[in-house]
Amino acid sequence: MNVILEAQNVVFAYENEDVEARNAVENVSLSIERGSFVAILGQNGSGKSTLAKLFNGILLPLEGKILVDGMDTTHEDQLINIRKRVGMVFQNPDNQLVATVVEEDVAFAPENLGVPTNEIRLRVDKALDVVGMREYAHHAPHQLSGGQKQRVAIAGILAMGPECIIFDESTAMLDPRGREEIMETIRHLNRVEQKTIVLITHYMEEAALADRVVVIHDGTIRLDGKPEEVFRHQNELYSIGLSLPQATDLIARLEESGLYPELQGKTALTEEEAAVLLESILK
Amino acid sequence: MISITLEHVSYAYSPNTPLEKEALRDVSVTITGGKITGLIGHTGSGKSTFAQMLNGLLRPTSGKIFLGNQDIWAEPKKISQIRYRVGMVFQYPEHQLFEETVYKDIAYGPINMGKQGKELDFLIRSAAEFVGLSEELLDKSPFELSGGQQRRVAIAGVLAMDPEVLVLDEPAAGLDPRGRDEILGNIRTYQQTKSKTVILISHSMEDMARYSDELIVLKDSTLLLKGSLKEVFQQADIIKDAGLRLPQVTRVMLALKKKGLDVDTSVYTVEDAFKRLTDRRRSSC
């Protein structure tokens, strides 16, 4: 089976909202392939975080179905298996760390799952290695930078052995270096550890690094494709409160200006790509 | 257009205990009046400590802070007067909303200052207008509003005190691109219309490039750089060393320069880069 997360005609609305309020998620169907790296973009209130919470059973659909590796999230006896399969990393690292020592924090979830002690040791060491935090195993979380704390939170999720990790604006509170650290970790998790990644973000630069970008607006999917395809719909993106990465924006504007006919049909997703395109023209 | 001057300011948390932690070390700098000064630095560099000293929430362990010519700690009992003159918007300020209506929430600060009647009403309505809150929202409960609108209410609550200096800690954190531009654009308009002194803390160098006039860079509790946006951003290596990064569009220009092309790298917004590159094309045709 190649699909790990699947939403089938999913509808969700929060309780005690106005009767006229629209559904938070309105008839969404979406399949996420095992091993892929998918970014989800949308305005505040677009429904993207709701969708993330539906995918690991924190929220249950009112209509339609969510399948995680074929397991229906409404089947309560499957919930533990679903959460082992799909981990979530949230925005504020301070709310996610519970222990006073880094390695204990990472061990917290597998301990709760009843994993044998020897196995926990192995998992904790491996998880800390993957996020590059092994040398901080005996530090207190409060001594760490934001990016380091967030990497410990990721290690805690990894220790549960998930196949898929959902990042819900996990870089929003970090400084530039912290954001870079997390994006590098995410790429490593995807490419080397072969985890499926779902990245919910407000940073277009981060979404540009994914294999696929899904744009949600008013609870429905507006755009879905490779980043270079999605970012060509600049007018639509701007109309729903989003933007382009600066490198993409610059190349798009130059192409539109008519002064750079060589850029016709070209897109840049990163600063390197933009520099390569411009170099060949300006030389 | 009042300035703020720090003279050899240091601050330590839990001083003279084993847990003593130095958060600022011997910082001397002047924040220019009537401009937006961006305060940047990595997590833990001392930005929040710096900000909280500007309105007397923290008292320097040593050194002095002047609001205009006035030493703000000359009379410690009157420090609350300084807090009215230097307004502070904390991170995620919407978590501090508590009143039944938006109007009452915005009114809280100015009422505490003793404002009343028509003046109070005027302060509330003009603050709401500056942050783009429409009249009909004023009677609603702040808790019925979206997160972005709640953020505006919280900022309006500080603007309504009509402070001479406004300090904002990550006012756009967690907002989508349009939300960011709207809030920061509102702050820019407010600052220009009323010739206020504004200090803006943000991790987004792209936002700093668009909205600040001058920058102060902190690193490991010390002052690293202070100058105009251009003066500071030209120091690419120092910026990187401070755990920060230049706007992506600047990095594009730097990469071109590295490839041996003769391009101006003092370009910090997409608009600027576009203009330089189209001018270049026009002149070479």
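All of these numbers come straight from a predicted model, not from anything done at the bench.

Within chain A, the regular secondary structure consists of 11 helices and 10 strands. Taking 283 residues into account, the globule formula puts the C-alpha radius of gyration at 19 Å, and chain A, at 20 Å, falls close to it. Structurally, chain A occupies a C-alpha span of about 65 × 50 × 35 Å along its principal axes. Sorting the 283 residues of chain A into buried and exposed places 51% on the buried side. Within chain A, contacts between residues separated by at least 24 positions form 64% of all contacts whose residues are at least 6 apart in sequence.

Here we take up the pairing of strand 7 (residues 164–168) of chain A. All names here are of chain A. Burial runs high along strand 7: four of the five residues are buried. Direction of pairing for strand 6 (residues 86–89) relative to strand 7: parallel, over a ladder of four bridges. Bridge assignment links Val89 to a residue of strand 7, and that residue is Phe167. Relative to strand 8 (residues 196–200), strand 7 is paired through five bridges, and the arrangement is parallel. Following the sheet pairing, Cys164 is matched in strand 8 by Thr196.

What follows deals with the interface of chain A and chain B. Listed per partner, the contact involves 36 residues of chain A and 35 residues of chain B. For the side of chain A that touches chain B, the secondary structure elements donating two or more residues are helix 6 (176–191), helix 10 (246–257) and helix 11 (271–282) of chain A. Split into classes, the residues belonging to the side of chain A that touches chain B amount to 15 nonpolar, 11 polar and 10 charged.

What follows concerns the sheet that holds strand 4 (residues 62–67) of chain B. Residues and elements named next belong to chain B. The four strands lie next to each other as 2-1-4-5, forming an open sheet whose pairing is antiparallel. Each having just a single partner strand, strand 2 (21–31) and strand 5 (70–71) make up the two edges of the open sheet. The sheet contact formed by strand 1 (residues 4–13) and strand 2 spans seven bridges and is antiparallel. Its bridge partner being in strand 2, Tyr13 is matched across the sheet by Lys21. Here helix 1 (residues 47–54) sits on the sheet in contact with strand 1, strand 2 and strand 4, set at roughly 120° to strand 1.

Attention now moves to the domain arrangement of chain A. Residue and element names in this part refer to chain A. Domain parsing of chain A yields domain 1 (1–89 + 163–175 + 196–229), domain 2 (94–162) and domain 3 (245–283). Spacing between the C-alpha centres of domain 1 and domain 2 amounts to 25 Å. Listed by partner, the interface residues are 12 residues for domain 1 and nine residues for domain 2. Looking at the side of domain 1 that touches domain 2, the elements that each hand over two or more residues are helix 2 (79–85), strand 6 and strand 7.

What follows deals with the packing of helix 11 of chain A against helix 10 (residues 248–258) of chain B. Following both chains from N to C, one finds helix 11 of chain A and helix 10 of chain B inclined at 45°, their axes separated by 9 Å at the closest point. Relative to helix 10 of chain B, helix 11 of chain A is oriented oblique. For the pair helix 11 of chain A and helix 10 of chain B, the sense of crossing is right-handed. Contacts from Glu271, Glu272, Ala274, Ala275, Leu278 and Glu279 of chain A of helix 11 of chain A reach helix 10 of chain B at Gln248, Arg251, Val252, Ala255 and Leu256 of chain B. Looking at the contact of helix 11 of chain A with helix 10 of chain B residue by residue, the class counts come to six nonpolar, one polar and four charged.

Rules and cut-offs
Residues numbered from 1 in each chain as written. Chains lettered and ligands numbered in written order. Predicted model: local features only at pLDDT ≥ 70, side-chain atom pairs only at ≥ 80, totals over all residues. Helix = DSSP H or I, 4+ residues; strand = E, 2+ residues; numbered from the N terminus. Rg over C-alpha atoms; globule rule 2.2 N^0.38 Å. Buried ≥ 20, exposed ≤ 12 C-beta atoms within 10 Å, placed from the backbone. Contact = placed C-beta atoms within 7 Å. Pairing = 2+ DSSP bridges. Nonpolar A, V, L, I, M, F, W, Y, C, P; charged D, E, K, R; others polar. Axes fitted to C-alpha atoms, helices over the stretch in contact; angles between N-to-C directions. Domains from an automatic or database assignment. Parallel < 35°, antiparallel > 145°, perpendicular 65-115°, else oblique. Left-handed = near helix turned anticlockwise from the far one by under 90°.

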